[in-house]
Amino acid sequence: MSPPANANANMDEKVLQYENFINEVLKRDLQKVLEQRDAVYEKISQYLQLKNTIQSLQESGSQQLKTDVDLGCNFYVQAEVEDSSRIFVAVGYGFFVEMTHDEALRFIDKKTSQLTAFTEQLTKDSAKIKANIRMVLEGLRELQGLTDLPDSRRDVF
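The protein chain has the name Protein UXT in an unreviewed UniProt entry, where Monopterus albus is given as its organism. Regarding the protein chain, the relevant UniProt record gives this comment under Sequence similarities (unreviewed entry): "Belongs to the UXT family."

Structure, rendered in structure tokens:
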């Protein structure tokens, strides 16, 4: 005997609710976590670029520095720094702190290790969200009575 039409309609409604949950909640959360992780990677990249610049300044031994400064919209102006022994480092929330090269290098090492730990946590969070998506998809598959997909097509993303 086939199930009553009301049961099929109820099951179809549940399937739509789970699909909406995946698309509206889980995938959006996954996107936010991945974007946040990418932003943190960008910060790490900027700190490492600053570290390389400081190390090259230390190796050159010169106090004077000539550089191009971006004024915005890719408009550059040449600048000359008389004494580059102290620099301003962005420490977060729009604050800058004047530091010597050695202080800046120590700060950069601490900050990059902190940011790296944060990216690891974000990676774990994204893995949990992916696992939740997979679990809901498996539940939908069972609810609809579908057979398992071949291994080559099982990737969720």
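The next point concerns the overall build of the protein chain. A count of helices and strands for the protein chain gives 2 helices and 4 strands. Counted from the first residue to the last, the protein chain has its helices and strands arranged as α-β-β-β-β-α. When the 157 residues of the protein chain are sorted by exposure, 20% land in the buried category.

Time to look at the pairing of strand E4 (residues 95–100). Of the strand pairs in this sheet, strand E3 (residues 86–92) and E4 are connected by 6 bridges, and their pairing is antiparallel. By the bridge assignment, Phe-88 is partnered in E4 with Glu-98. Joining the antiparallel neighbours E3 and E4 is a turn of 2 residues, in which Tyr-93 adopts a positive phi near 55°.

Turning our eyes to something else, we now look at helix H2 (residues 101–144). Spanning 44 residues, H2 covers 63 Å between terminal C-alpha atoms, matching the ideal 64 Å at 1.5 Å per step. Positive backbone phi, approximately 75°, marks Gly-145, located one or two places after H2.

For the rest of this paragraph, the subject is the pattern of salt bridges. Any two side chains of opposite charge can pair, on the condition that their charged atoms come close. What the rule picks out here adds up to 4 salt bridges. Connected via shared salt-bridge partners are Arg-134, Glu-138 and Arg-141.

Residues Ile-22, Ile-54, Val-89, Ala-104 and Ile-133 are the most contacted members of the largest nonpolar core, which totals 21 residues. Counting residues per element, the ones that place at least two in this core are helix H1 (5–60), E3 and H2.

Attention now moves to the pairing of strand E2 (residues 75–81). Judged from the 7 bridges that link them, strand E1 (residues 65–72) and E2 form a sheet pairing that is antiparallel. Residue pairing in the sheet places Gly-72 in a bridge with Phe-75 of E2. Once E1 ends, the chain turns through 2 residues before running back antiparallel as E2, passing Cys-73 with a positive phi of about 55°.

Reading the values: the criteria
- Residues numbered from 1 in each chain as written.
- Predicted model: local features only at pLDDT ≥ 70, side-chain atom pairs only at ≥ 80, totals over all residues.
- Heavy atoms only, no water.
- UniProt positions renumbered as here; feature names shortened; annotations may be inferred.
- Helix = DSSP H or I, 4+ residues; strand = E, 2+ residues; numbered from the N terminus.
- Buried < 20%, exposed > 50% of the residue type's maximum accessible area, 1.4 Å probe, protein only.
- Pairing = 2+ DSSP bridges.
- Expected span 1.5 Å × (residues − 1).
- Salt bridge = Lys/Arg side-chain N within 4 Å of Asp/Glu carboxyl O.
- Core = buried A, V, L, I, M, F, W, Y, C linked by side-chain atoms within 4.5 Å.

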